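Understanding the architecture of this molecule
Below, each chain spelled out in residue letters.
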Amino acid sequence: MIEIFRVVTKGRGRRVSSVKNSLNCPFPLLFCCGMFCAAVLENLGQTIIPDLGSLESQHDFRTPEFEEFNGKSDSLFFNDGQRRIDFVLVYEDESRKETSKKGTNEKQRRKRQAYESNLICHGLQLEATRSVLDDKLVFVKVHAPWEVLCTYAEIMHIKLPLKPNDLKNRSSAFGTLNWFTKVLSVDESIIKPEQEFFTAPFEKNRMNDFYIVDRDAFFNPATRSRIVYFILSRVKYQLINNLSKFGINRLVNSGIYKAAFPLHDCKFRRQSEDPSCPNERYLLYREWAHPRSIYKKQPLDLIRKYYGEKIGIYFAWLGYYTQMLLLAAIVGVACFLYGYLNQDNCTWSKEVCHPDIGGKIIMCPQCDRLCPFWKLNITCESSKKLCIFDSFGTLVFAVFMGVWVTLFLEFWKRRQAELEYEWDTVELQQEEQARPEYEARCTHVVINEITQEEERIPFTAWGKCIRITLCASAVFFWILLIIASVIGIIVYRLSVFIVFSAKLPKNVNGTDPIQKYLTPQTATSITASIISFIIIMILNTIYEKVAIMITNFELPRTQTDYENSLTMKMFLFQFVNYYSSCFYIAFFKGKFVGYPGDPVYWLGKYRNEECDPGGCLLELTTQLTIIMGGKAIWNNIQEVLLPWIMNLIGRFHRVSGSEKITPRWEQDYHLQPMGKLGLFYEYLEMIIQFGFVTLFVASFPLAPLLALVNNILEIRVDAWKLTTQFRRLVPEKAQDIGAWQPIMQGIAILAVVTNAMIIAFTSDMIPRLVYYWSFSVPPYGDHTSYTMEGYINNTLSIFKVADFKNKSKGNPYSELGNHTTCRYRDFRYPPGHPQEYKHNIYYWHVIAAKLAFIIVMEHIIYSVKFFISYAIPDVSKRTKSKIQREKYLTQKLLHENHLKDMTKNMGVIAERMIEAVDNNLRPKLE
């Protein structure tokens, strides 16, 4: 008996366990084994097809029933009106294709027939209907019967309701503000709150324990679609040389099927005519995606119910991030206004613009041969702008953002824990199944260290090391490619600066506004930023495909592992791609230029760039504005205009048949498919924005405000896109935001360092403070009290024109007259000094102050961050209590029901034993 059992159940362990559990047999062992084997054979005959060579060579295919469209455009059921459509497969009939490739068409047809036959053998029910508008298209509707749903719900460990949740919700501590929150919340009379239940992983042999009021409603549409997609992804359609080809994804990629998707439940503009339809799509559009709902909270429970937990957790995170940005935006605007209102008190900017100070300071040429001498006051306008951003408010805002990002991450963890409890994803890791692509490659047999049983893996430890090495090398190569592109941009900046210096005006003419704003530095910065943005977009498009290929080769086990691996590769690439130019401007430009008599050359040819006399902070602000703004515009074009235009073109081509009534499945087919990576790019877009908001916020206090406005629109744009322009996604489970959480934590730690270094090395705040407190008064200064007067003269060193090297001599420009000296931005001794052109005492004071500032600022912010992280637990006490209470009640309920079943079974056994004894003794007594 045991040997027969092993033969029959080989490779079917998980399937058989569900059958075994469904038999609660109180009879003697031999009879139980016989019944068990019979049940196994019966179930195998229903759900599993034998591996008899090439599946496509079999002739006894079971085909779906063909039915004509019954004219009910809103129907979500088969023509019988009873069986619900859980999934739709679309293909083009090969017999009606206008092509001469008959052999190829025949192969595709037989593969599809084999696949559909195997679906029927797995217990699914199929019904085919031809398209109303295009008779070449055939729609195969898939329905999962009750038995199939129960079987796979147990295999997939899906949690289902046991009994209604009787835990009382604590009343809000802000009861006086209920009127305000009511205005922002969705009307509960329109979207009714979901009833809460205690849940447990489904088991067929404990079906009576679950809260089954209506079989048709026990599995909601999202769960039904998820179960059906699980089956579709694992059913075989071809077997060649012991290698199986399977899964709907491969069939769609090869063109055998045109599409595969679950159905929307109704049109988004109006409710369904079917009275049994919940009209959830219509409600989501009206209360979530419509512009008039922009001020309302998101109906997260309905989003989760309709699209699944993975979509729900994304919108929950995006909404929470946007709420937290409101505080950062308010503080950022306050700091910006502080700088704007105090720009008239900016003494050093006044000196730059003053005709008797900045107008008489002659600056040295910033490149060889072609660049002229120039007056300092041509940077007057940029110095005024710089006063707005390079102020004391910027320092306060940088410290605040270091604390803000910690508060955001810690409070999000608490909110995420609440969603895990409310959405039943606390123990999700135990539920997740291996990807079908992984299962297909499992050919090596190893012994599991925990269970000491045999299991199959796709490659050995040595093979895994080789794959990791190759993948890491590929990622490293692409990062080097990005660095090469950044070097190319730097070379462009160095080259074009010479051209702009030669072509643009050298003197300020008040009647020409272009001369006031378009300096060589500004023109170089703007054009380089635009070119950098274009290169970023091109490299993004190429690397996307490369990253997917690398991750597919790596072969992660579960979908979560796959997405986390791809996330790390893509973010590492995007981090270098988006932020490299900003890091160059912030920390490298103007830092290693030497001095006019001994300049430093890039690649031995190009003289290194110098910053404006006010520093590179304004240029960094310009770079951030262009990249953030350009990225937002580009993403909105991709996310909104492209799907809308594609759907518009599709409707234009179908206008001839528009008078016909089309079924729900055909309407959804003509919507745009969601990309293979789903929400990956939505997360990536927001995390890159999060980096701009935190890493370089010291140079641009308005970044949180721009991010806030963008995110308010982004939430509604994404909602509009999902509900109106795209087919319904396959619902997926998700416990958290995955690898994006540690990425944000890494950015938060790095942001403290970058902002401290921006204030210390990119802005002029530290040199100004050193001058104010040390060099404006004796012994180094001549003023009797602390002041900023004379700061510009003190920070510009003197160079003797006669000391120019041959490469710099012979300057053709003489509009500013013959000069014996010129000024340059550095802290060096003047010519004639015993240590001429060496760094002076001011320089070393500034360096010491900068290093001290970085150390103090980092330690203060990190101390506050770690204290906040320690003080705020990841899971609130209230949520912990709820989780423990639910576990206790669930275990108690299941245990009590199990005891009842055992008592009932023992009673049946006792009655049968008494009856058997009575039957045996009665003849003897008689």
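Just so it is clear, the model here is predicted, and its values are computed rather than measured.

Overview of the overall build of the protein chain
A tally of helices and strands in the protein chain yields 29 helices and 19 strands. Here the protein chain, with 926 residues, has 51% of them falling under the buried criterion. In the protein chain, the proportion of contacts linking residues at least 24 apart, taken out of those at least 6 apart, comes to 77%.

Some details on the packing of aromatic side chains
Aromatic ring pairs are described here by two measures, namely the spacing of the ring centres and the angle between the planes. Within this structure, the stated rule accounts for 60 aromatic pairs. Between tryptophan 146 and phenylalanine 219 the ring centres are 5.6 Å apart and the planes differ by 65 degrees, which places this aromatic pair in the edge-to-face class. Here the residue tryptophan 146 occupies a position in helix 5 (residues 146-155), and phenylalanine 219 occupies one in the loop between helix 7 (215-218) and helix 8 (221-232), the gap between them amounting to 73 residues. Taking 5.0 Å as the distance between ring centres and 80 degrees as the angle between the ring planes, the aromatic pair formed by tyrosine 314 and tyrosine 683 counts as edge-to-face. Within this pair, whereas tyrosine 314 is found in helix 12 (residues 309-341), its partner tyrosine 683 is found in helix 23 (residues 680-695), the two being separated by 369 residues in sequence. Side by side, tyrosine 314 and tyrosine 683 carry an identical accessibility label, which is buried. The side chain of arginine 112 reaches across the aromatic face of tyrosine 91, ending 3.7 Å from its centre.

Some remarks on the state of the cysteines
Enumeration according to the criterion identifies three disulfides in this entry. Through a disulfide, cysteine 364 is tied to cysteine 822; the S-S separation comes to 1.8 Å. Judged by the sign of its S-S torsion, about 90 degrees, the bond between cysteine 364 and cysteine 822 is right-handed. Here the residue cysteine 364 occupies a position in the loop between strand 10 (362-363) and strand 11 (374-375), and cysteine 822 occupies one in strand 19 (residues 821-825), the gap between them amounting to 458 residues.

Here's the deal with the sheet that holds strand 2 (residues 87-92)
Strand pairing in a sheet is mediated by backbone hydrogen bonds. Such pairs are either parallel or antiparallel. A sheet is described by the order of its strands in space; here five strands give the open sequence 1-3-4-2-9, paired in mixed fashion. Looking at the sheet topology across the chains shown, the edges are occupied by strand 1 (65-66) and strand 9 (259-261). Summarising the sheet, strand 3 (residues 125-130) and strand 4 (residues 137-143) pair through six bridges and their orientation is antiparallel. Within strand 4, the residue paired with glutamine 125 across the bridge is histidine 143. Here helix 8 sits on the sheet and contacts strand 2 and strand 4; the angle it forms with strand 2, its principal contact strand, is near 45 degrees.

What to know about the UniProt feature "transmembrane region" (unreviewed entry) in the protein chain
Taking the UniProt record as the reference, the feature "transmembrane region" (unreviewed entry) is found at residues 314-341, 392-412, 475-502, 522-543, 570-588, 686-709, 743-763 and 841-862. Secondary structure across residues 314-341 divides into 100% helix and 0% strand, with the first and last C-alpha atoms of the span separated by 40 Å. Between the end C-alpha atoms of residues 392-412 there is a gap of 30 Å, over a span that is 100% helix and 0% strand.

Some details on the pairing of strand 3
Walk down a regular strand and you will see the side chains alternate between the two sheet faces. As paired strands, strand 1 and strand 3 are joined by two bridges and run parallel to one another. Across the sheet, phenylalanine 66 pairs through a bridge with alanine 128, a residue of strand 3.

Points about the packing of helix 15 (residues 392-422) against helix 28 (residues 841-871)
The geometry of helix 15 relative to helix 28 is characterised by a closest axis approach of 9 Å and an angle of 25 degrees between their N-to-C directions. As judged from the angle between their axes, helix 15 and helix 28 are roughly parallel. Once helix 15 is placed against helix 28, the crossing between them reads as right-handed. Along the contact surface, helix 15 presents Leu395, Ala398, Val399, Gly402, Val403, Val405, Thr406, Leu407 and Glu410, while helix 28 presents Phe853, Met857, Ile861, Val864, Lys865, Ile868 and Ser869. Looking at the contact of helix 15 with helix 28, its residues break down into 11 nonpolar, three polar and two charged.

Comments concerning unusual backbone geometry
A cis amide bond links proline 778 to the next residue, proline 779, at an omega of 10 degrees. Residue position: proline 779 is located in the loop between helix 26 (765-775) and helix 27 (791-795). With a phi close to 60 degrees, aspartate 424 is a non-glycine residue in the positive phi region. The backbone of leucine 555 shows a phi angle near 60 degrees, a positive value even though the residue is not glycine. Counting through the fold element by element, leucine 555 comes out in the loop between helix 19 (520-554) and helix 20 (559-587).

Some words on the packing of helix 26 against helix 28
Following both chains from N to C, one finds helix 26 and helix 28 inclined at 120 degrees, their axes separated by 9 Å at the closest point. Taken together, the axis directions place helix 26 and helix 28 in an arrangement best described as oblique. Once helix 26 is placed against helix 28, the crossing between them reads as right-handed. On helix 28, the residues touching Ile766, Pro767, Val770, Tyr771 and Phe775 of helix 26 are Ile841, Tyr842, His845, Val846, Ala849, Lys850 and Phe853. Here the contact of helix 26 with helix 28 is built from residues that sort into 10 nonpolar, one polar and one charged.

Here's the deal with the confidence of the model for the protein chain
Mean pLDDT for the protein chain: 80, with 83% of residues reaching 70 or above. The low-confidence segment residues 171-177, where pLDDT is below 50, has zero contacts with residues more than four positions distant or belonging to other chains. Counting interchain partners and residues more than four positions distant, the pLDDT-below-50 stretch residues 809-814 has 12 contacts.

Regarding helix 11 (residues 300-307)
By the burial criterion, the buried members of helix 11 are Leu300, Leu302, Ile303, Tyr306 and Tyr307. Down the axis of helix 11, the smallest arc covering the buried residues is 160 degrees, so these residues share one side. Residues of helix 11 that are buried sit in contact with helix 8, helix 10 (280-289), helix 12, helix 15 and helix 24 (703-725).

Considerations on the environment of alanine 114
Residue position: alanine 114 is located in helix 4 (residues 102-121). By relative accessible area, alanine 114 is classed as buried at 1%.

Concerning the nonpolar core
If you look at the biggest cluster of nonpolar residues, it comprises 163 residues, and the most contacted ones within it are Trp317 and Phe692. In contact with phenylalanine 692, other than residues within four places in its own chain, are Tyr578, Tyr579, Cys582, Leu624, Ile627, Met628 and Val697. Within the second largest apolar cluster, 44 residues are counted, among which are Ile120, Ala153, Leu232 and Leu251.

Looking at helix 28
The periodicity of an α-helix, 3.6 residues per turn, causes residues three or four positions apart to be oriented the same way. In this model helix 28 runs 45 Å from its N-terminal to its C-terminal C-alpha over 31 residues, within 8% of the 45 Å that 1.5 Å per residue would give. Taken residue by residue, helix 28 has Tyr842, Tyr843, Val846, Lys850, Phe853, Ile854, Met857, Glu858, Ile861, Tyr862, Lys865 and Ile868 as its buried positions. For helix 28, the secondary structure elements touched by its buried residues are helix 15, helix 25 (740-762), helix 26 and helix 27. The opening residue of helix 28 is asparagine 840, an N-cap whose side-chain oxygen sits 3.2 Å from the backbone nitrogen of tyrosine 842.

Topic: the pattern of salt bridges
For the structure shown, the criterion picks out 29 salt bridges. Across the pair lysine 141 and glutamate 127 runs a salt bridge whose closest N-O atoms are separated by 2.9 Å. Of this pair, lysine 141 sits in strand 4 while glutamate 127 is found in strand 3, placing the two residues 14 residues apart along the sequence. Residue classification places lysine 141 among the buried positions, given a relative accessible area of 0%. Where salt bridges share partners, they join Glu194, Glu280 and Lys305 into one cluster.

Rules of the game
Residues numbered from 1 in each chain as written. Predicted model: local features only at pLDDT ≥ 70, side-chain atom pairs only at ≥ 80, totals over all residues. Heavy atoms only, no water. Helix = DSSP H or I, 4+ residues; strand = E, 2+ residues; numbered from the N terminus. Buried < 20%, exposed > 50% of the residue type's maximum accessible area, 1.4 Å probe, protein only. Contact = heavy atoms within 4.5 Å. Phe/Tyr/Trp six-rings, centres within 6.5 Å; stacked < 30°, edge-to-face > 60°. Lys NZ or Arg CZ within 6 Å of the ring centre and 35° of its normal. Disulfide = S-S within 2.5 Å. Pairing = 2+ DSSP bridges. Axes fitted to C-alpha atoms, helices over the stretch in contact; angles between N-to-C directions. UniProt positions renumbered as here; feature names shortened; annotations may be inferred. Parallel < 35°, antiparallel > 145°, perpendicular 65-115°, else oblique. Left-handed = near helix turned anticlockwise from the far one by under 90°. Nonpolar A, V, L, I, M, F, W, Y, C, P; charged D, E, K, R; others polar. pLDDT = per-residue confidence, 0-100. Arc of directions from axis to C-beta. Core = buried A, V, L, I, M, F, W, Y, C linked by side-chain atoms within 4.5 Å. Expected span 1.5 Å × (residues − 1). Polar contact = N/O pair within 3.5 Å; in protein donor to acceptor, adjacent residues only side chain to side chain. Salt bridge = Lys/Arg side-chain N within 4 Å of Asp/Glu carboxyl O.

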